[in-house]
Amino acid sequence: MTESVAISLRQISKCYRRYTHPVDRLRELLLPERVQAKEFWALRDINLEVFQGETLGIVGQNGSGKSTLLQIVAGTLTPSAGEVHVNGRVSALLELGSGFNPEFTGRQNVFFNGRILGLSQKEIEAKFDTIAAFAEIGDFIEQPVKTYSSGMIMRLAFAVVANTEPSILIVDEALAVGDARFQARCMKRIRQLKEQGTTILFVSHDSSSVKMLCERAVLMNHGCILESGSPKEVTNHYIALLSSDGPEAFLPISEKFMPVIAAGNEDIYENSLDRPRSGGTVTDTMSTNAEPNFESIALGTRDPSCRHGVGIAKISAVKIMNLQGQELIKFETGTAISIEISILANEDILDLVVGISIRNLVGLVLYGTNTFLIHREPLVLTRGQHLIVSFKVPCHLNRGVYTLTVAAHSEEGLSYDWADELLVFEVFNSGKCDGLIDLQAKTESCIEPTTELLRQI
Ligand SMILES: Nc1ncnc2c1ncn2[C@@H]1O[C@H](COP(=O)(O)OP(=O)(O)OP(=O)(O)O)[C@@H](O)[C@H]1O
């Protein structure tokens, strides 16, 4: 393993033995020749290298093997096969409070855990006040951990792992437990550690956190690594997986049933047989059977970063316009825009929901909504109908380049046709402000009369 590699996993597999009834475990002990257990492979042939200073996000559905993988890296679980090499001191925030003795006080557990993490008594003494202050559990630090709430356990656990300067930090869904303020402090501390060069493995169901924090992400599925790549693409594929029946959901669209949308191509239809006649205007916010004007598709249209869906409905055109009906790919902040999406029903659909999300270039969702959230009822289409949905949005984004994701899905979230980052548009802002959104603040100032000031003093 080279110096630059912090974690190396080679052909790691983990097999659990599962028993139908707990008593079967005892039976097997007594009669070993009559095996009662069924093998269950939680991990299969995992190969992964994590570089020094890299922050790797791990996403995947429940039961996909994320925690098993982290426990193997942390050394709390032995793989059934394969080699693990870890270069540096690992601090792991795994299951809630694992590593804490419930009979010990918080203080005793801090010292106990600190020693396990390889710190000397003196080093822990020097850090104790910082850890206790970070945990913010007040006098509870002197009480046995068994009297803590789950939130308090997580606070203390995070305070210990994040303040003992690990060279490798493993965080498994920790942030899901605490309150919003604590989550924000944890993220801040994780970012500080990242800046200091700590290697981080970060498991989260929150795509935005993975995109903001990580340089790379892996998608786990049924104990295997399905994909490794940019956090934006991997989390898009993760969402595709969640809203579909299986990993085949995000095969390149051309391999399934969808038209290819080529970069810079003015026409999103690959097959001319697929092309509806041009013409038709849209006056309603939602109208069916109107023939959309497909000629005007596109300057900002590109290959979606991920497109998936079962194809019952097909997104056939998307454009951003001003309220006068002119297509836009660049506009001033504050412009009222209309995002118009044309959808073709390939079958009768009783539960259609059409949604949009606007993301920045890191993939962070700045705004998202859908027809169900707005109207509280699904859309109904019959086979062959064209639906045009337009979202009227007063666009107060600050200057920058943004992407538009559009989706047609069922009420339960099954993807019919979902195109991530299909349109790219630019907002410019002649006003001066910082941040992602221009809230168009006005200021007023006045000098308080001196007598009033004096009275206050
Ligand atoms: N001790 C065990 N005995 C038997 N099966 C286990 C054991 N621990 C985990 N598993 C199984 O291994 C699979 C992977 O579990 P793991 O906890 O690693 O998944 P995960 O991706 O972390 O899930 P989650 O997001 O729900 O935490 C699951 O099917 C789980 O039921």
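Structure: see above.
Owing to the predicted nature of the structure, the values given are computational and were not obtained by experimental measurement.

Peer 1: I'd like to hear about the overall build of the chain, residue by residue, with values.
Peer 2: In terms of regular secondary structure, the chain is built from 10 helices and 20 strands. Across the 457 residues of the chain, 48% fall into the buried class. Once local pairs closer than 6 in sequence are excluded, the contacts in the chain between residues at least 24 apart make up 71%. When the accessible surface of the chain is split by element, carbon and sulfur atoms take 52% of a total near 22,700 Å².

Peer 1: For the site of the ligand, give the residues involved together with the corresponding values.
Peer 2: Taken together, 13 residues lie around the ligand, and R18, G63, K66, S67 and T68 are the ones closest in. Here an oxygen atom of the ligand and a side-chain polar atom of S67 are 2.6 Å apart. A distance of 2.5 Å separates an oxygen atom of the ligand from a polar atom in the side chain of T68. Starting from 640 Å² of accessible surface for the ligand in isolation, the protein chains cover 64%. Residue assignment for the shell around the ligand shows that the elements contributing at least two residues are β1 (5-18), β2 (38-51) and α2 (66-74). The dominant element in the shell around the ligand, judged by the number of residues it contributes, is α2, at 3 residues.

Peer 1: Pulling in residues and values, what's your account of the sheet that holds strand β3 (residues 55-60)?
Peer 2: Pairing is mixed in the open sheet, where 6 strands are placed in the order β5-β6-β7-β3-β8-β9. Two strands bound the open sheet, and with one partner strand each, they are β5 (90-93) and β9 (224-229). Strand-to-strand twist across the sheet, computed as the mean angle between neighbouring axes with direction ignored, equals 15 degrees. Here β5 runs beside strand β6 (residues 168-172); their pairing, made up of 4 bridges, is parallel. Among the inter-strand pairings, S91 is bridged to a residue of β6, identified as L169. Each of β3, β5, β6, β7 (199-203) and β8 (216-221) is contacted by α2, which is oriented at about 155 degrees to β6, the strand it contacts most.

Peer 1: With reference to specific residues and values, describe the packing of helix α3 (residues 106-116) against helix α4 (residues 121-135).
Peer 2: Where α3 contacts α4, the axes come no closer than 10 Å and their chain directions differ by 130 degrees. The orientation of α3 with respect to α4, classified from their angle, is oblique. As α3 runs across α4, the sense of the crossing is right-handed. For the pair formed by α3 and α4, the contact residues are R107, V110, F111, G114 and R115 on the first element and Q121, I124, E125, F128 and I131 on the second. A per-class count over the contact of α3 with α4 returns 5 nonpolar, 2 polar and 3 charged.

Peer 1: Break down unusual backbone geometry for me, with residues and values.
Peer 2: A negative phi angle is the norm for most residues apart from glycine, just as the trans form is the norm for most peptide bonds. With a phi close to 55 degrees, D45 is a non-glycine residue in the positive phi region. Relative to the assigned elements, D45 resides in strand β2. Positioned with a positive phi, E165 is a non-glycine residue whose angle comes to about 40 degrees. Within the element layout of this structure, E165 appears in the loop between α5 (150-162) and β6.

Peer 1: Any chance you could break down the pairing of strand β18 (residues 386-394) for me, citing the residues and the numbers?
Peer 2: Among the 9 residues in β18, 7 count as buried, and that is most of the element. Examined bridge by bridge, strand β14 (residues 336-345) and β18 share 9 bridges and lie antiparallel to one another. Looking at β18, one finds that I339 is bridged to F391.

Peer 1: Report on the packing of aromatic side chains, specifying residues and quantitative values.
Peer 2: Counted according to the given criterion, the structure contains 6 aromatic pairs. Aromatic side chains F140 and Y148 sit 6.0 Å apart centroid to centroid with 85 degrees between the ring planes, which places their arrangement in the edge-to-face category. On the basis of relative accessible area, Y148 is assigned to the buried category, the value being 8%. In textbook terms, an aromatic cluster arises when at least three aromatic residues are bridged by ring pairs, as seen for F331, Y402 and F425.

Peer 1: Give a description of the nonpolar core that names residues and reports values.
Peer 2: Counting residues in each nonpolar core, the largest one holds 43 residues, and the members touching the most others are V110, L156, F158, I190 and F202. Among the elements that line this core, the one with the most residues is α5, at 10 residues. Residues I349, L379, L387 and A408 belong to the second largest nonpolar core, which totals 37 residues.

Conventions adopted
- Residues numbered from 1 in each chain as written.
- Predicted model: local features only at pLDDT ≥ 70, side-chain atom pairs only at ≥ 80, totals over all residues.
- Heavy atoms only, no water.
- Helix = DSSP H or I, 4+ residues; strand = E, 2+ residues; numbered from the N terminus.
- Buried < 20%, exposed > 50% of the residue type's maximum accessible area, 1.4 Å probe, protein only.
- Contact = heavy atoms within 4.5 Å.
- Areas by Shrake-Rupley, 256 points an atom, 1.4 Å probe, with all protein chains shown as cover.
- Near = heavy atom within 4 Å.
- Polar contact = N/O pair within 3.5 Å; in protein donor to acceptor, adjacent residues only side chain to side chain.
- Pairing = 2+ DSSP bridges.
- Axes fitted to C-alpha atoms, helices over the stretch in contact; angles between N-to-C directions.
- Parallel < 35°, antiparallel > 145°, perpendicular 65-115°, else oblique.
- Left-handed = near helix turned anticlockwise from the far one by under 90°.
- Nonpolar A, V, L, I, M, F, W, Y, C, P; charged D, E, K, R; others polar.
- Phe/Tyr/Trp six-rings, centres within 6.5 Å; stacked < 30°, edge-to-face > 60°.
- Core = buried A, V, L, I, M, F, W, Y, C linked by side-chain atoms within 4.5 Å.

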